[in-house]
Amino acid sequence: MSDRAEKRRVLTEEDMTFIAEQLRILDAYPGVVPWSRAELWAAVLDAQMSATTRREREAVAELVGALRMLDVLERHFLRK
């Protein structure tokens, strides 16, 4: 096994839940506890569909950015 594989860090679903909880912008959305990527994306996409003002659209854009960051963590570090 290579050194890189041995040093690779892993996250659990509890870790992902904790990280998502720390993103205060996700507080209003279900699906954080326990970690549920699909529920979070569904809630944010629903918010995007109902956003009517520029402020609401900007808030949704921040949420999408946060979820993309969480997706990267999940894809590369979550223990499956």
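Residues numbered from 1 in each chain as written. Predicted model: local features only at pLDDT ≥ 70, side-chain atom pairs only at ≥ 80, totals over all residues. Heavy atoms only, no water.

Turning our attention to the overall build of the chain. When its secondary structure is counted, the chain shows 4 helices and 0 strands. Reading the helices (α) and strands (β) of the chain from amino to carboxyl end gives α-α-α-α. Whereas a compact globule of 80 residues would reach a radius of gyration of roughly 12 Å, the chain reaches 15 Å, over 25% beyond that. Each principal axis of the C-alpha distribution contributes one length, and for the chain these read about 55 × 20 × 20 Å. (Helix = DSSP H or I, 4+ residues; strand = E, 2+ residues; numbered from the N terminus. Rg over C-alpha atoms; globule rule 2.2 N^0.38 Å.)

What follows concerns the packing of helix H3 (residues 37-50) against helix H4 (residues 54-77). Where H3 meets H4, the axes come as close as 9 Å, and the angle between the chain directions of the two elements is 160 degrees. One way to sum up the angle between H3 and H4 is to call them roughly antiparallel. Considering the relative orientation of H3 and H4, their crossing is left-handed. From H3, Arg37, Leu40, Trp41, Val44, Ala47, Gln48 and Ser50 reach across to H4, where they touch Glu56, Val60, Leu63, Val64, Leu67, Arg68, Asp71 and Glu74. (Axes fitted to C-alpha atoms, helices over the stretch in contact; angles between N-to-C directions. Parallel < 35°, antiparallel > 145°, perpendicular 65-115°, else oblique. Left-handed = near helix turned anticlockwise from the far one by under 90°. Contact = heavy atoms within 4.5 Å.)

Before going further, it helps to examine the side chain of Glu74. The residue Glu74 is located in helix H4 in this model. The class of Glu74 is buried, set by a relative accessible area of 11%. Sequence-distant contacts of Glu74, that is, excluding residues within four places in its chain, are made with Met16, Trp35, Arg37 and Lys80. (Buried < 20%, exposed > 50% of the residue type's maximum accessible area, 1.4 Å probe, protein only.)

Along helix H2 (residues 13-22), the residues classified as buried are Met16, Thr17 and Ala20. End-on, the buried residues of H2 take up no more than an arc of 100 degrees, which puts them together on one face. Facing away from the buried side of H2 by over 90 degrees, the exposed positions are Glu14 and Phe18. (Arc of directions from axis to C-beta.)

Attention shifts here to the nonpolar core. A general tendency of soluble globular proteins is for nonpolar side chains to be buried together. The biggest cluster of nonpolar side chains holds 17 residues, and the ones touching the most others in it are Leu26, Leu67 and Leu70. At 5 residues, the largest contribution of residues to this core is made by H4. Every residue in contact with Leu70, bar those within four places of it in the chain, is listed here: Met16, Ile19, Ala20, Leu23, Leu26 and Trp35. (Core = buried A, V, L, I, M, F, W, Y, C linked by side-chain atoms within 4.5 Å.)

Glancing now at the pattern of salt bridges. Side chains bearing opposite charge may pair, as long as their charged atoms lie close to each other. Enumeration over the complete set of coordinates arrives at 4 salt bridges. Arg24 is the salt-bridge partner of Asp27, the closest N and O atoms lying 3.8 Å from each other. Of the residues examined, Arg24 reaches a relative accessible area of 59% and is grouped as exposed. Where Glu74 meets Arg37, a salt bridge forms, and the shortest distance between an N and an O atom there is 3.5 Å. Linking Glu74 in helix H4 with Arg37 in helix H3, this pair joins segments that are 37 residues apart in sequence. (Salt bridge = Lys/Arg side-chain N within 4 Å of Asp/Glu carboxyl O.)

That's the geometry; what it means functionally is another story.
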